[in-house]
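Structural overview for review
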Amino acid sequence: MKKQIVFVTSNKGKLQTAQTYFDKDVEIVYYNFDIKEPEVNDIDYIAEYKVKEAYEKVKKACISLDAGFYIPNFPNNPNFPGAFPRRELLEKLGLNGLLNKMKNVINRECYFKECLAYYDGKVLKKFYGLSSGRLSTEIKGNDSDKKWSDLWYVFIPNNNTKTMAEMTDDERRNRNDGYINPFIEFSEWFKNKEDYND
């Protein structure tokens, strides 16, 4: 019998990514709950809040992934937009506005930071991801149902020349930027849980 994990997300790109890290004995079930995120600039706190709220709704093991985007040298606001990339950057400023703000900035370092939280009513466990790179000077790449964020059009991972949106699936999966993938750590941990084969 398959093990089920409920993935609380409105992002189908994240769902497709998640399923690739589990064997056929584990099914990732997609639930798009309308959970209001707390107004705290902390991906740890947000991921834990969302996964516990989701568990209260379905009473099944749940995961939630929260990602922040950080630009250390953003003018007059270091590490903008932090835990709110969609609301504070994409919706208010947009990609063109972002590139315009950064046009005179030489050090264009930036990074995604992720927190994957698991909760089954008893056990709360967190796994962390990190992908470092730099902002491109223009919007480049193709749309894809595997895309996590429009920031893929302007994010170039370390040791690469293409934006995430320009890369093929294989190039993204095998990129050599030192990406720390929380799904890999979580899937290994989940397979070794004591009750995995119950």
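Placed above this text is the structure.
To keep things clear, this report deals only with the structure shown in the data block. (Residues numbered from 1 in each chain as written. Predicted model: local features only at pLDDT ≥ 70, side-chain atom pairs only at ≥ 80, totals over all residues. Heavy atoms only, no water.)

Scanning the chain for helices and strands turns up six helices and seven strands. Traced from its N-terminal end to its C-terminal end, the chain shows the element sequence β-α-β-α-β-β-α-α-β-β-β-α-α. In terms of C-alpha radius of gyration, the chain reaches 17 Å, essentially the compact-globule figure of 16 Å for 198 residues. Overall, the chain is about 55 × 35 × 25 Å in size when its C-alpha atoms are taken along their principal axes. In the chain, which comprises 198 residues, the proportion classed as buried is 47%. When the accessible surface of the chain is totalled, it reaches about 10700 Å², and 44% of it is carbon and sulfur. (Helix = DSSP H or I, 4+ residues; strand = E, 2+ residues; numbered from the N terminus. Rg over C-alpha atoms; globule rule 2.2 N^0.38 Å. Buried < 20%, exposed > 50% of the residue type's maximum accessible area, 1.4 Å probe, protein only. Areas by Shrake-Rupley, 256 points an atom, 1.4 Å probe, with all protein chains shown as cover.)

The next thing to look at is the pairing of strand 1 (residues 3–8). Here strand 1 pairs with strand 2 (residues 26–31) via six bridges, running parallel. Pairing of glutamine 4 across the sheet is with glutamate 27, part of strand 2. Pairing geometry for strand 1 and strand 3 (residues 62–71), over three bridges, is parallel. Residue pairing for strand 3: valine 8 is matched across the bridge by serine 64. (Pairing = 2+ DSSP bridges.)

Successive side chains on a regular strand alternate, one facing one side of the sheet and the next facing the other. Buried residues dominate strand 5 (residues 109–119), accounting for eight of its 11 residues. Inspection of the sheet shows strand 3 paired to strand 5 by nine bridges, in the antiparallel sense. Bridge pairing in strand 5 places glycine 68 opposite lysine 113. In this structure, strand 5 lies alongside strand 6 (residues 124–135), joined through 11 bridges in antiparallel fashion. Across the sheet, residue phenylalanine 112 finds its bridge partner in strand 6, namely serine 131. Where strand 5 folds back on strand 6, the antiparallel hairpin that results is connected by four residues, among which glycine 121 adopts a positive phi of roughly 95°.

A complete count under the given rule lists 14 aromatic pairs for this structure. Consider the rings of phenylalanine 69 and phenylalanine 112, whose centres lie 4.7 Å apart with planes at 50°: the pair is tilted. With a gap of 43 residues between them, phenylalanine 69 in strand 3 and phenylalanine 112 in strand 5 connect regions that are remote in the sequence. Of the two residues, phenylalanine 69 and phenylalanine 112, both sit in the buried class. Ring geometry for phenylalanine 69 versus phenylalanine 155: centroids 6.2 Å apart, planes at 80°, classification edge-to-face. Linking phenylalanine 69 in strand 3 with phenylalanine 155 in strand 7 (residues 155–157), this pair joins segments that are 86 residues apart in sequence. Among the residues examined, phenylalanine 69 registers a relative accessible area of 0% and is labelled buried. According to the relative accessible area criterion, phenylalanine 155 is buried, its value standing at 1%. In textbook terms, an aromatic cluster arises when at least three aromatic residues are bridged by ring pairs, as seen for Tyr118, Phe127, Phe186, Trp189 and Phe190. A cation sits over an aromatic face here: arginine 175 above tyrosine 179, 4.5 Å from the ring centre. (Phe/Tyr/Trp six-rings, centres within 6.5 Å; stacked < 30°, edge-to-face > 60°. Lys NZ or Arg CZ within 6 Å of the ring centre and 35° of its normal.)

Our next topic: unusual backbone geometry. A cis geometry characterises the amide bond from phenylalanine 80 onward to proline 81, with omega recorded as 0°. Topologically, proline 81 is positioned in strand 4 (residues 80–82). A positive phi is found at asparagine 76, a non-glycine position, where the angle reads about 65°. Structurally, asparagine 76 is set in the loop between strand 3 and strand 4. For asparagine 159, which is not a glycine, the phi torsion comes out positive at approximately 65°. Note that asparagine 159 resides in the loop between strand 7 and helix 5 (169–173).

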